Amino acid sequence: MKAWRIFLGILLLTIMGTIFAGCGNNSQKLDNAGKQVSNETIELKIRSGSPSGTWYPATAAMAEFLPQQIPGLKVTVTPGAGQSNVEAIQNGTANFAFGKAAATYQGLQGLPPFKNKTDKVRNIGYLYDEAFHIVVRADSGINSISDLKGKSLTTQTKGNLAEEMTRDVLAAYGLSYEDFKKVTQVGYADSVQQMKDGLVDAFTFATATPASVLMDLASVRDVKLLSIDKDKLQILQQKNNGYIERIIPRGTYKGQDEDILTIGSAIHMMVPSTMSDDLVYKLTKAIVENRDKLGEVHSAYKGLTPEKMAIDIGIPFHPGAVKYYKEVGAMK
């Protein structure tokens, strides 16, 4: 009988130990303020842009403040481009990215250069508008886009919306790369150096104004910007609903004494439709509430408000973002 009581005692202790151990595993850690901290690690894989562009400093800032706002969040940032970022969200290479609405629209519709519809992409917030720049050397003899025929051009690599814009603008004037003496497709830094060295006549790119790469170029070489004719602008907007009319005001750059009519696109943030509503809500809230930190790294992000970030740019919102914007009264 004594042996049986000992056995029951051991069994009871074992059961109680298991229960307490289970409770310990489910308990939450507390930070210095006594708030619960999640033990779960959430990986946020951000696709940004060129290290010399306007996206990279903003995503770098996010990589700092997002983990502070969302416990358990681990952030990594890699370079990207407008079109390739859409594909990265669709195929799961990234689960957060900056994008250009014109390229995102092409993907959602399955239009070239996309081979299939990128139906998993969802918008979580507008950031700013960019402008397409057509820059030529002042001594090149080029005074209009039609004059580019037979000249040399440097533009962005394939997968960047600016390269797609370049081909679309040329097509509106009945031109293609075959009409140039030479076309190089490289990064911003290499394009600027080619212009500085006089190796090419024209340089095309798209970014926020004023563009630091153009300011750098204009500091050592006389250049000028070309406008897109109004009738050609209408052709471009018919081709892609994501293209918007933009004006680069005179005086934006050294030697620019007139307004420049061009196309542009809204810059926005995107996530996959499969991301949980709760996480998207937290991401949207953290970014909106820390938007001033984005304005500190680049002027393009200054003046953002919840209402601006919630505007409709033709890309479907993720429900998690909608919940936050409605909560703060930025969206009906």
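Residues numbered from 1 in each chain as written. Predicted model: local features only at pLDDT ≥ 70, side-chain atom pairs only at ≥ 80, totals over all residues. Heavy atoms only, no water.

1. Here we look at the overall build of the protein
Broken down by element type, the protein carries twelve helices and twelve strands. Within the protein, buried positions represent 48% of all 332 residues. (Helix = DSSP H or I, 4+ residues; strand = E, 2+ residues; numbered from the N terminus. Buried < 20%, exposed > 50% of the residue type's maximum accessible area, 1.4 Å probe, protein only.)

2. With respect to the nonpolar core
For soluble globular proteins, the rule of thumb is that nonpolar side chains tend to be buried together. Counting residues in each nonpolar core, the largest one holds 41 residues, and the members touching the most others are L66, F96, Y301 and Y325. Among the elements of the structure, β3 (42–47), α2 (55–69), β4 (73–78), β5 (96–100), β6 (121–137), β12 (260–272), α9 (277–289) and α12 (319–327) are those that each provide at least two residues to this core. Looking at which element gives the most residues to this core, the answer is α9, with seven residues. Contact partners of F96, with chain neighbours within four places excluded, come to L44, K45, I46, R47, M62, I89, I124, M269, M270, V271, L283 and I287. By size, the runner-up hydrophobic cluster in this structure holds 28 residues, among which are I145, L170, L175 and L236. (Core = buried A, V, L, I, M, F, W, Y, C linked by side-chain atoms within 4.5 Å. Contact = heavy atoms within 4.5 Å.)

3. Notes on the pairing of β4
As paired elements, β3 and β4 share six bridges and run parallel to each other. Bridge pairing in β4 places K45 opposite T76. Handedness of the crossover is the feature at issue here: the chain leaves β3, passes through α2, returns alongside β4, and the resulting connection is right-handed. (Pairing = 2+ DSSP bridges. Right-handed = clockwise from strand over helix to strand, strands pointing away.)

4. A short note on the environment of V86
Position of V86 among the secondary structure elements: in helix α3 (residues 82–91). A sequence separation of 33 residues divides V86 from D119, and the C-alpha atoms of the two residues are 9.9 Å apart. If we skip the residues at most four places from it in the chain, V86 touches A103, T104, F114, T118, V121 and M270.

5. Overview of the packing of aromatic side chains
The tally for this structure, following the rule as stated, stands at seven aromatic pairs. When the centroid spacing of 5.8 Å and the interplanar angle of 65 degrees are considered together, the rings of W55 and F98 count as edge-to-face. Of the two residues, W55 is situated in helix α2 and F98 in strand β5; the sequence distance between them amounts to 43 residues. Note on accessibility: W55 and F98 belong to one class, buried. Here the aromatic residues Y281, F317, Y324 and Y325 are joined through ring pairs into a cluster of three or more. For K323, the ring lying beneath its charged end belongs to Y281, and the centroid distance is 5.1 Å. (Phe/Tyr/Trp six-rings, centres within 6.5 Å; stacked < 30°, edge-to-face > 60°. Lys NZ or Arg CZ within 6 Å of the ring centre and 35° of its normal.)

6. Regarding the packing of helix α5 (residues 161–172) against helix α8 (residues 230–239)
Look at α5 against α8: their axes get within 9 Å of each other, and the N-to-C directions meet at 130 degrees. Comparing the axis directions of α5 and α8 gives the class oblique. Along this stretch, α5 crosses α8, giving a crossing that reads as right-handed. On α8, the residues that touch D168, V169 and A172 of α5 are K232, I235, L236 and K239. Per-class residue counts for the contact of α5 with α8 are four nonpolar, no polar and three charged. (Axes fitted to C-alpha atoms, helices over the stretch in contact; angles between N-to-C directions. Parallel < 35°, antiparallel > 145°, perpendicular 65-115°, else oblique. Left-handed = near helix turned anticlockwise from the far one by under 90°. Nonpolar A, V, L, I, M, F, W, Y, C, P; charged D, E, K, R; others polar.)

7. Description of α8
Among the residues of α8, those classed as buried are K232, L233 and L236. Viewed along the axis of α8, the buried residues span an arc of 105 degrees, placing them on a single side of the element. Next to the buried residues of α8 lie α5, β11 (244–248) and β12. (Arc of directions from axis to C-beta.)

8. Brief notes about the confidence of the model for the protein
In this model, the protein carries a mean pLDDT of 88, and residues with pLDDT of at least 70 account for 88%. Overall, residues 1–38 carries pLDDT values under 50, and its contacts beyond four positions in sequence, including any with other chains, amount to 15 contacts. (pLDDT = per-residue confidence, 0-100.)

9. Comments concerning the packing of α3 against helix α4 (residues 101–109)
At their nearest, the axes of α3 and α4 sit 8 Å apart, and the two run at 45 degrees to each other. In this view, α3 runs oblique relative to α4, as classed from their interaxial angle. In the packing of α3 onto α4, the handedness of the crossing is right-handed. Of the residues in α4, those in contact with G82, Q83 and V86 of α3 are A103, T104 and Q106. Per-class residue counts for the contact of α3 with α4 are two nonpolar, four polar and no charged.

10. Points about the environment of K120
Of note, K120 is situated in the loop between α4 and β6. Here the alpha-carbon distance between K120 and M270, two residues 150 residues apart in the chain, equals 9.9 Å.

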